[in-house]
Amino acid sequence: MEQKRIEEMIDLAIAQLKYSYTPYSGFKVGAALLTADGKFYTGCNIENAAYSPTNCAERTAFFKAVSEGERAFSAICIVGGKDGVLTEYAAPCGVCRQVMMEFCNPDTFQIILATSKERYDVFTLREILPMGFGPDNLAEK
Ligand code: THU
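In this text, all values refer to a predicted model and were calculated from it rather than measured experimentally.

## Re the layout of surface pockets
Move 1: Size it by volume and the largest pocket reaches roughly 170 Å³.
Move 2: What lines the largest pocket is a set of 14 residues, and nearest its centre among them are Phe-27, Val-29, Asn-45, Cys-56 and Glu-58.
Move 3: The set of elements that each furnish at least two residues to the lining of the largest pocket consists of strand S1 (27-35) and helix H2 (57-66).
Move 4: Grouping the constituent residues of the lining of the largest pocket by class yields nine nonpolar, three polar and two charged.

## Quick look at the site of the ligand
Move 1: Lining the immediate environment of the ligand, one finds Ser-25, Phe-27, Val-29, Asn-45, Glu-47, Thr-54, Cys-56, Ala-57, Glu-58, Ala-91, Pro-92 and Cys-93.
Move 2: Measuring from an oxygen atom of the ligand, one finds a side-chain N or O atom of Glu-47 at 2.5 Å.
Move 3: With respect to the pocket detection grid, the ligand is positioned in the largest pocket.
Move 4: Going through the elements one at a time, S1 and H2 are the ones with two or more residues in the shell around the ligand.
Move 5: Per-class residue counts for the shell around the ligand are seven nonpolar, three polar and two charged.

## Section: the packing of aromatic side chains
Move 1: What the rule picks out here adds up to five aromatic pairs.
Move 2: Ring geometry for Phe-73 against Phe-103: centres 6.4 Å apart, planes inclined by 80 degrees, an arrangement best described as edge-to-face. With Phe-73 in strand S3 (residues 73-82) and Phe-103 in helix H3 (residues 94-103), this residue pair connects regions lying 30 residues apart in the sequence.
Move 3: Here the aromatic cluster, defined as three or more aromatic residues joined through ring pairs, consists of Phe-62, Phe-73, Phe-103 and Phe-109.
Move 4: In this arrangement the basic side chain of Arg-119 is found over the ring face of Tyr-89, its NZ or CZ atom lying 4.9 Å from the centre.

## With respect to the pattern of salt bridges
Move 1: Per the stated rule, a full pass over the model turns up four salt bridges.
Move 2: Salt-bridge contacts for Lys-117 lead to Asp-11; the nearest nitrogen and oxygen are separated by 3.2 Å. Highlighted residues: Lys-117 in the loop between strand S4 (110-114) and strand S5 (120-124) and Asp-11 in helix H1 (residues 3-16), separated in sequence by 106 residues.
Move 3: Relative accessible area serves as the criterion here: at 32%, Lys-117 is assigned to the partly exposed category.
Move 4: On the basis of relative accessible area, Asp-11 is assigned to the partly exposed category, the value being 38%.
Move 5: The salt bridge partner of Asp-107 is Arg-126, with a shortest N-O separation of 3.0 Å. Separated by 19 residues along the polypeptide, Asp-107 in the loop between H3 and S4 and Arg-126 in helix H4 (residues 125-128) bring together distant segments of the chain.

About the cut-offs
Residues numbered from 1 in each chain as written. Predicted model: local features only at pLDDT ≥ 70, side-chain atom pairs only at ≥ 80, totals over all residues. Heavy atoms only, no water. 1 Å grid on protein atoms, 1.4 Å probe; cavity = no way out; pocket = protein on both sides within 12 Å on 5 of 7 lines; lining within 4 Å. Points joined across faces, edges and corners; volume = space filled by probe spheres on them. Helix = DSSP H or I, 4+ residues; strand = E, 2+ residues; numbered from the N terminus. Nonpolar A, V, L, I, M, F, W, Y, C, P; charged D, E, K, R; others polar. Near = heavy atom within 4 Å. Polar contact = N/O pair within 3.5 Å; in protein donor to acceptor, adjacent residues only side chain to side chain. Sits in = over half its atoms within 2 Å of the grid points. Phe/Tyr/Trp six-rings, centres within 6.5 Å; stacked < 30°, edge-to-face > 60°. Lys NZ or Arg CZ within 6 Å of the ring centre and 35° of its normal. Salt bridge = Lys/Arg side-chain N within 4 Å of Asp/Glu carboxyl O. Buried < 20%, exposed > 50% of the residue type's maximum accessible area, 1.4 Å probe, protein only.

The following block contains the structure:
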């Protein structure tokens, strides 16, 4: 992916941190999801007093997109840190990796982890979810 596009996604993900609702953990996460046809959907984490209904930033972005008819994605950028301070990469949790597996090609979908526009790394879904279980496993063979 072009560096300019990556930087644009990092800016969008960082801009989401201000909407992150985290009265319990204080750990703020922002995400920017890019569709195959070049549209962005953003997301933040949304916590809950009952804890388990908490939604991660990545899933917020995916569910916004899928609920508007999107089914094909090319990349997601994720940033996060305690009190919104970005000191290290905020890698997606297992549940979010599984949601990515549902809608994305593991060999081509790119996950951009960043702390700033100067410090980021790009991974494929396959790299961060080896031997993932997905729709292909349920397909008639
Ligand atoms: N969180 C995310 O938003 N994405 C992840 O992949 C990891 C965790 C959020 C959930 C919760 O609000 C906070 O980070 C601490 O777990």
